[in-house]
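Chain by chain, the residues run as shown.
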Amino acid sequence: MFDLTPFRRRTEDHFGQMLKSFNEMVEDPWFFPFNSSAQSFRTDIREEKDRYLVEAELPGISKDNIDVELSNDYLTIRAKRDEYTEQQDDLSKMIRKERRSGEFVRRFYVENVDEAGIKAKLDNGILKLEIPKRPDDGRSKKRIEIE
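Residues numbered from 1 in each chain as written. Predicted model: local features only at pLDDT ≥ 70, side-chain atom pairs only at ≥ 80, totals over all residues. Heavy atoms only, no water.

**Some words on the overall build of the protein chain**
Step number 1: Within the protein chain, the secondary structure is distributed over one helix and seven strands.
Step number 2: Shown N-terminal to C-terminal, the secondary structure of the protein chain runs as helices and strands in the order α-β-β-β-β-β-β-β.
Step number 3: Counting only contacts in the protein chain whose residues sit at least 6 apart along the sequence, the fraction spanning at least 24 positions is 48%.
Step number 4: Entry remark: accessible area of the protein chain is about 13,000 Å², with carbon and sulfur atoms responsible for 48%. (Helix = DSSP H or I, 4+ residues; strand = E, 2+ residues; numbered from the N terminus. Contact = heavy atoms within 4.5 Å. Areas by Shrake-Rupley, 256 points an atom, 1.4 Å probe, with all protein chains shown as cover.)

Here it is in structure tokens:
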């Protein structure tokens, strides 16, 4: 947290010291909003023989603010949160007003999926996706004989 240097040197890099202090502040767990992991959400992915099962934790986000897209074998889950809180006293004077907004995005590579059969359900803040795989017709793998 602090450097234990008994005397300051004249050639001390003030910008480097300021940058070090900023990095310590950002890396502190108390300063959570600037931590990169805070801009994400927890996701569990299971691959079964015939499907992928995805569960994403999105508490407090309505289904209207969640966008799920499959493009070029990448599944993208995008969630947007806009919170607005206002508190007033008996005379309708504002005591407190808070706003929070943010967008959370996760992308996953999934291959050989049946786009038409994808099912999505939001239940108690958990987004559940069932992504069926296309049947393996044998054309995707080809064994090459070595001479």
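Text resumes after the structure shown.
**Overview of the pairing of strand S2 (residues 51-57)**
Step number 1: Pairing geometry for strand S1 (residues 43-47) and S2, over five bridges, is antiparallel. Looking across to S2, one finds that Thr43 is bridged to Ala56.
Step number 2: Strand direction decides the pairing type here: S2 and strand S7 (residues 126-132), joined by seven bridges, are antiparallel. What sits directly across from Tyr52, in S7, is Ile131. (Pairing = 2+ DSSP bridges.)

**Examining unusual backbone geometry**
Step number 1: The phi dihedral of Asp73 falls on the positive side, at around 65 degrees, and the residue is not glycine.
Step number 2: Looking at the secondary structure, you find Asp73 in the loop between strand S3 (66-71) and strand S4 (74-88).
Step number 3: A positive phi angle is found at Asn112, which is not glycine, with a value near 55 degrees.
Step number 4: For Asn112, the location among the structural elements is in the loop between strand S5 (94-109) and strand S6 (119-123).

**Considerations on the sheet that holds S6**
Step number 1: In spatial order, the strands read S1-S2-S7-S6; together these four strands make up an open sheet with antiparallel pairing. The strands lining the two open edges of the sheet, one partner per strand, are S1 and S6. Taken over all neighbouring pairs, the strand axes of this sheet differ in orientation by 10 degrees on average, direction set aside.
Step number 2: Where S6 lies against S7, five bridges are found, and the strand directions are antiparallel. What sits directly across from Ala120, in S7, is Leu129. (Axes fitted to C-alpha atoms, helices over the stretch in contact; angles between N-to-C directions.)

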